[in-house]
Amino acid sequence: GLGAQEPRNTPAAMIAQGISNVLDRPVRLMNAATVGARSSDLPAQVDRVLHMRPQIAVIIIGANDVTHVGRPQAAVRHLEQAVRRLREVGCEVVVGTCPDVGSVRPIPQPLRWVARRLSRQLAAAQMIAGVREGAHVVSFADELGPVFTADPGLFAEDRFHPGPEGY
């Protein structure tokens, strides 16, 4: 949620509030996300939540794997293992795939084109892996890429992370 400005504007808080509204009852939120996390951080994040026997887990990962030029195969393997471990305890899992890093305007061309291509490739591999392991998958690049490309006001002051409106 870097760039959210307030805890209530973070993705985790907004998702929990949305679920609470739909179910018309309180929900307990455990946020294991960390700023700057990469897919290699997923095993430790899953370790932190398994003892709570979560019913729903949301995994949004990938942008930092692209910006730090990680190995996509390793990133996908970590995601598969995380989803598998959560599903083994009966948890429903939603995976938000890698966003379109090419929508970040401060990244100069041709690097922006490369970032778009790498993020789209990672997102496609994440979608296949997530579905194979039983997750519900949302393609952030497809759903949000054009919106962020068209409206740079959705970014935080750093012009890289989403701002409150973007989240």
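Our subject in this report is the structure included herewith. Please read all numbers here as calculations on a predicted model, not as lab measurements.

Turning next to the overall build of the protein chain. Counting its secondary structure elements, the protein chain contains six helices and three strands. Along the protein chain, helices (α) and strands (β) appear in the sequence α-α-β-α-α-β-α-β-α when read from the amino end. Taken over the C-alpha trace, the protein chain has a radius of gyration of 16 Å; the compact-globule value for 167 residues is 15 Å, and the two agree within 12%. Each of the three principal axes of the protein chain carries a C-alpha extent, and together these read 45 × 35 × 25 Å. For the protein chain, the proportion of its 167 residues judged to be buried stands at 38%. Contacts spanning at least 24 positions in sequence make up 67% of the contacts within the protein chain whose residues lie at least 6 apart. Carbon together with sulfur atoms contributes 56% to the accessible area of the protein chain, which is approximately 9600 Å² in total. Of the charged side chains in the protein chain, 18 are positive and 16 negative; the average position of the first set lies 5 Å away from that of the second.

Moving on, we get to the environment of P106. Mapped onto the fold, P106 is located in the loop between strand 2 (92-96) and helix 5 (111-132). On a C-alpha basis, the gap between P106 and A75 in space is 25 Å, while along the polypeptide they are 31 residues apart.

Another point: the sheet that holds strand 2. The sheet built from three strands is open, its strands ordered 1-2-3 with parallel pairing. Edge positions in the open sheet fall to strand 1 (56-60) and strand 3 (136-138), since each of these has one partner strand only. In this sheet, neighbouring strand axes are inclined to one another by 20 degrees on average, regardless of whether the strands run parallel or antiparallel. Where helix 4 (residues 72-88) meets the sheet, its contacts fall on strand 1 and strand 2, and the angle it forms with strand 2 comes to roughly 155 degrees.

The subject of this paragraph is the pattern of salt bridges. What the rule picks out here adds up to eight salt bridges. Close ionic contact of R120 with D142 constitutes a salt bridge, the shortest N to O distance being 2.7 Å. Of the two residues, R120 is situated in helix 5 and D142 in helix 6 (residues 140-150); the sequence distance between them amounts to 22 residues. It is possible to trace a salt-bridge network through shared partners that takes in D100, R116, R120 and D142.

Across soluble globular proteins, you tend to see nonpolar side chains buried next to one another. With 17 residues, the main nonpolar core has I59, L79, V83, L86 and V93 as its most contacted residues. Going through the elements one at a time, helix 2 (42-50), strand 1, helix 4 and strand 2 are the ones with two or more residues in this core. With sequence-adjacent residues up to four places away left out, I59 is seen in contact with L42, L79, A82, V83, L86, V93, V94, V95 and G96. Core analysis: the second largest hydrophobic core is formed by 14 residues, V76, V104, L122 and A123 among them.

Further remarks concern helix 4. End to end, helix 4 covers 24 Å across 17 residues, agreeing with the expected 24 Å (1.5 Å per residue, within 8%). Looking only at helix 4, the buried set comprises A74, A75, V76, L79, E80, A82, V83 and L86. Against helix 2, strand 1, helix 3 (63-67), strand 2 and helix 5 lie the buried residues of helix 4. The first or second residue beyond helix 4 is G90, which carries a positive phi of 85 degrees.

Inspection of every chain in the model, using the stated rule, returns one aromatic pair. Seen from their ring centres, F148 and F155 are 5.1 Å apart, and the 70 degrees between their planes marks the pair as edge-to-face. Like F148, the residue F155 is buried in the burial classification.

Now for a nonpolar patch on the surface. A cluster of nonpolar side chains, namely I15, I56, V58 and I60, defines an oily patch on the protein surface of about 300 Å² accessible area. Following the sequence through the fold, I60 ends up in strand 1.

Rules of the game
For every chain, the first residue of its written sequence is number 1, and the numbers climb from 1 along that sequence. Given that the model is predicted, a residue must reach a pLDDT of at least 70 before its local features are reported, and side-chain atom pairs must reach 80 or more before they are shown or counted; all residues, however, enter totals for whole chains, interfaces and linings. Computation of side-chain values covers all heavy atoms of the structure but excludes hydrogens and water. Secondary structure elements are taken from DSSP: a helix is a run of H or I of four residues or more, a strand is a run of E of two residues or more, and numbering for both begins at the N terminus. The size measure is the radius of gyration over C-alpha atoms, and the globule rule it meets is 2.2 Å times the number of residues to the 0.38 power. Each residue's exposure class comes from its accessible area (1.4 Å probe, protein chains only) as a fraction of the maximum for that residue type: buried when under 20%, exposed when over 50%, partly exposed otherwise. In what follows, a contact means two residues having at least one pair of non-hydrogen atoms within 4.5 Å. Here the Shrake-Rupley method, with its probe set to 1.4 Å, supplies the accessible areas, and only the displayed protein chains count as covering residues. All tallies of charge rest on Lys and Arg as positive and Asp and Glu as negative; His and the ends of each chain are not included. Each charge is placed at NZ for Lys, CZ for Arg, CG for Asp and CD for Glu. Here the rule is simple: two strands pair whenever DSSP picks up at least two bridges between them. Between N-to-C directions, angles span 0 to 180 degrees; the directions come from axes that are lines fitted to C-alpha atoms, helices contributing only their stretch in contact. Only one rule defines a salt bridge in this text: a Lys or Arg side-chain nitrogen within 4 Å of an Asp or Glu carboxyl oxygen. The nonpolar core is taken to be a set of buried Ala, Val, Leu, Ile, Met, Phe, Trp, Tyr and Cys residues, with the residues joined through side-chain atoms within 4.5 Å. Given a helix with a known number of residues, its expected span is that number minus one, times 1.5 Å. Two rings from Phe, Tyr or Trp (for Trp, the six-membered ring) form a pair when their centres sit within 6.5 Å of each other. Planes less than 30 degrees apart are called stacked, planes more than 60 degrees apart edge-to-face, and all others tilted. Patches here: salt-bridge-free residues with over 30% relative accessible area, like charges joined within 9 Å, nonpolar side chains (Val, Leu, Ile, Met, Phe, Trp, Tyr) joined within 5 Å.

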